[in-house]
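A look at the structure
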Amino acid sequence: MPHDETPLKLDLSRPSSGRIYDYWLGGTNNYAIDREFAERQLALAPEIREAVRENRAFLRRAVRFAVESGVRQFVDIGSGLPTQGSVHEVADQVAPGESRVVYIDNEPVAHAHSEILLKDTADPERHRALAGDFFDGPRLWERVLAEGIDPREPICLLTVALLHLMPVEQEPEKPLAFYREQLPPGSQLVLSHACLETDDEQAQDAFGKIGDDYRTKTAVKGENGLRGRAEIAEFFGDFELVEPGLVWLPQWRPDSPFTGNPARSRAVAGVGLKRR
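Treat the numbers as computed from the prediction; the structure is a model and nothing was measured.

1. As for the pairing of strand S3 (residues 127–131)
Most of S3 is tucked away: five of the five residues are buried. Alignment of strand S2 (residues 100–105) against S3, held across five bridges, turns out to be parallel. For Val101, the partnering residue across the bridge sits in S3 and is His127. Handedness of the crossover is the feature at issue here: the chain leaves S2, passes through helix H5 (residues 108–121), returns alongside S3, and the resulting connection is right-handed.

Given below as structure tokens:
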């Protein structure tokens, strides 16, 4: 089993975005410093908890769709913590023992927790965790292939709730284009992205403050990369968006009819298919 190339230095003095997300999902892999930060954000925008749960539900539906489409390989970049309902669990529910999953995160705390959790819930022969960065491009992809991902067979690449942490000046579309090029025909790109399409000044102000908090107070200083729907659609390149296209999180192939305002999820999502 390949190992990461550099030891990880954990910073437990700051909130961790992965553990904050885990707390909002109702998980237990978090500390007081994470819970305090998470509650401050909820005070600004109570819909956050609903939004992250809708995002997690979208991930589960998208993975199930991929497996039912015949995909058996998954690469989850910016995976955070593989808590309940993660890629490997959903894939194995649909096709037990058949799927290989590689989780990737550049946050040391999230990666360390991922390795611990996978030892308890996963098959080490098929489910791996790597410390790596989205912007590593070819170097990261070489490591992915070394973990047993077959570049000749369809791959589902997941960038869920990731790209809105990257502002325009970082040009995340370039490494994403590289990853799309590596995927063989029949592969899928699963993507969700924060999208604040609202005239509600209170909501705009709240999410601006939340972005500032993440930049200055968490272990990994993500940037505010909120984009419009047209800009988000460009991340799919020439991949064909499967029905229903790029929509609010709860609108993407819901398990039951959704009632309420889907825009409260504050994020859009879609799945792109590589035909050739």
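Next comes the rest of the description.
2. A look at the nonpolar core
Residues Val63, Phe74 and Leu158 are the most contacted members of the largest nonpolar core, which totals 30 residues. Secondary structure elements with two or more residues in this core: helix H3 (47–68), helix H4 (87–94), S2, strand S4 (156–160) and strand S8 (267–273). Ranked by residues supplied to this core, first place goes to H3 with seven residues. What Leu158 contacts, discounting residues up to four positions off in sequence, is Leu59, Val63, Phe74, Val75, Asp76, Ile77, Val87 and Val190. The next biggest cluster of nonpolar side chains, apart from the first, holds 29 residues, and it includes Ile104, Ile149, Leu162 and Ala263.

3. Thoughts on the confidence of the model for the protein chain
Predicted coordinates in regions of low pLDDT should not be interpreted in detail. This prediction gives the protein chain a mean pLDDT of 85; 84% of its residues lie at or above 70. Between residues 1–8, whose pLDDT stays under 50, and residues either more than four places distant or in other chains, the model counts 14 contacts.

4. Some words on the packing of helix H1 (residues 17–24) against helix H2 (residues 32–44)
As a packed pair, H1 and H2 sit with axes 9 Å apart at the nearest point and diverge in direction by 65°. It follows that H1 is roughly perpendicular to H2 by the angle criterion. In the packing of H1 onto H2, the handedness of the crossing is right-handed. Counted together, Arg19, Ile20, Tyr23 and Trp24 of H1 and Ile33, Asp34, Arg35, Phe37, Ala38, Glu39, Gln41 and Leu42 of H2 form the full contact between these two elements. In the contact of H1 with H2, the residues fall into seven nonpolar, one polar and four charged.

5. Focus on the packing of helix H6 (residues 138–146) against helix H7 (residues 173–182)
Helix-helix packing is characterised by the crossing angle of the two axes and by the distance between the axes. Interaxial distance between H6 and H7 falls to 10 Å at its minimum, and their mutual angle equals 35°. For H6 against H7, the interelement crossing comes out right-handed. Contact with H6, carried on its side by Pro138, Leu140 and Trp141, involves Phe178, Tyr179 and Gln182 of H7 and no other residues of that element.

6. Remarks on the pattern of salt bridges
This structure, assessed with the given rule, holds twelve salt bridges. Glu98 is the salt-bridge partner of Arg72, the closest N and O atoms lying 2.6 Å from each other. One end of the pair, Arg72, is in the loop between H3 and strand S1 (73–77); the other, Glu98, is in the loop between H4 and S2, with 26 residues separating them in the sequence. Since its relative accessible area comes to 26%, Arg72 is described here as partly exposed. Glu98 sits in the partly exposed class, given a relative accessible area of 47%. Salt bridges linked by common partners bring Asp92, Asp123 and Arg126 together as one network.

7. A look at the environment of Lys274
Mapped onto the secondary structure, Lys274 falls in the segment after S8. As a C-alpha pair, Lys274 and Leu183 span 91 residues in sequence and 7.8 Å in three-dimensional space. Within the structure, the side chain of Lys274 is placed 3.0 Å from the backbone oxygen of Arg180, a separation counted as a polar contact.

Basis of the calculations
Along every chain, residues carry numbers that run from 1 in the direction the sequence is written. In keeping with the model being predicted, local features are shown solely for residues with a pLDDT of at least 70 and side-chain atom pairs are shown and tallied solely at 80 or more, while totals for entire chains, interfaces and linings include all residues. No hydrogens and no water enter the side-chain calculation; it runs on all heavy atoms of the structure. We call a residue buried when its accessible area falls under 20% of the maximum for its residue type, exposed when it is over 50%, and partly exposed in between, using a 1.4 Å probe and counting protein chains only. To qualify as a helix, a DSSP run of H or I must reach at least 4 residues; to qualify as a strand, a run of E must reach at least 2; elements of each kind are numbered from the N terminus. Any two strands with at least two DSSP bridges between them are considered paired. Orient the strands so they point away from the viewer; a crossover is then right-handed if the path from the first strand over the helix to the second runs clockwise. In plain words, nonpolar cores are sets of buried Ala, Val, Leu, Ile, Met, Phe, Trp, Tyr and Cys residues tied together by side-chain atoms within 4.5 Å. Should any heavy atoms of two residues lie within 4.5 Å, those residues are counted as being in contact. The predictor attaches a confidence to each residue, called pLDDT, with possible values from 0 through 100. Working convention: axes come from line fits to C-alpha atoms, limited for helices to the stretch in contact. Angles between N-to-C directions cover 0 to 180 degrees. Oblique is the label for any angle not under 35 degrees, not over 145, and not in the 65 to 115 range, which are roughly parallel, roughly antiparallel and roughly perpendicular in turn. A clockwise turn of the near helix away from the far one marks a right-handed crossing, whereas an anticlockwise turn of less than a right angle marks a left-handed crossing. All amino acids are sorted into three groups, where Ala, Val, Leu, Ile, Met, Phe, Trp, Tyr, Cys and Pro are nonpolar, Asp, Glu, Lys and Arg are charged, and the leftover types, Gly among them, are polar. Salt-bridge detection follows one rule: a side-chain nitrogen of Lys or Arg within 4 Å of a carboxyl oxygen of Asp or Glu. A 3.5 Å cut-off defines polar contacts: any pair of N or O atoms within that distance qualifies, except that in protein one atom must be a possible hydrogen donor and the other a possible acceptor, and neighbouring residues in sequence count only when both atoms are side-chain atoms.

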